[in-house]
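Examination of the molecular architecture
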Amino acid sequence: MANVSLRHVYKKYENGFEAVKDFNLEIEDKEFVIFVGPSGCGKSTTLRMIAGLEEITSGELFIDGKRMNDVEPKDRDIAMVFQSYALYPHMTVFDNMAFGLKLRKVPKEEIRRKVRHAAQILDIEHLLDRKPKALSGGQRQRVAMGRAIVRNPKVFLMDEPLSNLDAKLRVQMRIEISKLHQELGSTMIYVTHDQTEAMTLGTRIVVMKDGVVQQVDTPSNLYDHPVNKFVAEFIGSPQMNMIDVAIQKEGEHVTACFGGHRLVVPEGWAEALVRGGYIDKEMVLGIRPEDLHEEDSWRQSHPEWVIPAKIRVYELLGAEVYLYFDEGGASFTARVRPNTEARTGTNMQFVLDMERAHFFDKESEAAIRKECRHT
């Protein structure tokens, strides 16, 4: 397998549109890296540049230490799995998987061995004599992956391979792809717009917006320490609550004020906001849905973080309930236990766990760190 290095990579089209801007990334051998972001953010374009299907406007691409900018796709030793499966309808599963090996004049016995081994890994041995039209969507995607596996490439590239599958199949295939990565020990680069796929599959995630890398980090760090408001909102479902607040100093307390509510800011955050010069300024306060609490114990221990709520929508999702409400000019989502007594129309109180809050600069949208000064 191999490492992949992208250095100051740009993609600019003839009409002047820059799809990818100054993309820098070092992918280690055997890593599983996810490119994630909304439609049009440049993630698939970046993948296609690695594959050689799009020309790099400027910058350099290295695979296993070798510069690949001018190397033909077939000579890059990569295998790509597409969203559309791209199977030959007139060929059997075996022939689809063996096709690339036959082109390379690999001996028949070796082809048979490699195809059988890949089919065994993917649990499609019983399908080898069928044609694609006789397969389900999930089975077709396994065949497409099998075709990539038999080539034993240095790097696997996957472009939204699960987007055509239904929800249940997507979950099953996520598990299969994760097992596949562990079994093959291969370098994988995977594109998706689904942040749940990104969080569950990747060892590291590259979050992109408008052709620019926003943050590269582990799933847990992206969730707990987003570098800006975009990453904070994009990662996590339901997404983080965002509230416009005014930061004020009242005696020994720093408060975050909105809609007549004054939430006392915990000491660590208060020091960071004072240090950063945010007193008497507008900021954005972010808080995850699971950090809104309805329990009496929370209200009794933290009366300084309580806000009222009238539930607008109640959603039961089996193991959890989402409660939606508006208060003080802001919209909130709370994730609570299924035994909650709250229903649509219920008047209640929530505690915002301000220890787990996030603060964002109103203009730059950069996250404020407790240990860092604002610049």
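Reference entry: report on the structure contained in this document. Everything numeric here is computed off the predicted structure, so don't read it as measured data.

1. With respect to the nonpolar core
- Core analysis: the biggest nonpolar cluster contains 48 residues, and I34, M97, V115, I177, Y190 and V207 have the highest contact counts within it.
- The element contributing the most residues to this core is helix α3 (residues 108-122), with six residues.
- Apart from the residues within four sequence positions on either side, Y190 is in contact with F32, V33, I34, F35, M158, P161, L162, I177, E197 and L201.
- In terms of nonpolar packing, the next biggest core, distinct from the first, is built from 37 residues, W269, I287, L292 and L323 among them.

2. Structural notes on the pattern of salt bridges
- Using the criterion set out here, one finds 22 salt bridges in the structure.
- A salt bridge links E31 to R204; its shortest N-O distance comes to 2.7 Å. Of the two residues, E31 sits in the loop between β2 (18-27) and β3 (32-36) while R204 sits in strand β9 (residues 204-209), which places them 173 residues apart along the sequence.
- Residue K74 pairs with D75 through a salt bridge whose shortest N-O separation is 3.4 Å.
- Each of the salt bridges in this network shares a partner with another, and the network as a whole consists of K11, R48 and E54.

3. Some remarks on helix α4 (residues 137-149)
- Between the first and last C-alpha of α4 there are 18 Å, a value that for 13 residues agrees with the 18 Å anticipated at 1.5 Å per step.
- Summarising burial for α4: ten of the 13 residues are buried, a large majority.
- Considered for burial, the residues of α4 that qualify are G138, Q141, R142, V143, A144, M145, G146, R147, A148 and I149.
- Residues of α4 that are buried in the fold lie against β6 (78-81), α2 (93-103), α3, β7 (155-159) and α5 (167-184).

Calculation rules
- Residues numbered from 1 in each chain as written.
- Predicted model: local features only at pLDDT ≥ 70, side-chain atom pairs only at ≥ 80, totals over all residues.
- Heavy atoms only, no water.
- Core = buried A, V, L, I, M, F, W, Y, C linked by side-chain atoms within 4.5 Å.
- Buried < 20%, exposed > 50% of the residue type's maximum accessible area, 1.4 Å probe, protein only.
- Helix = DSSP H or I, 4+ residues; strand = E, 2+ residues; numbered from the N terminus.
- Contact = heavy atoms within 4.5 Å.
- Salt bridge = Lys/Arg side-chain N within 4 Å of Asp/Glu carboxyl O.
- Expected span 1.5 Å × (residues − 1).

From the geometry alone we can't say anything about function, so treat these as descriptive.
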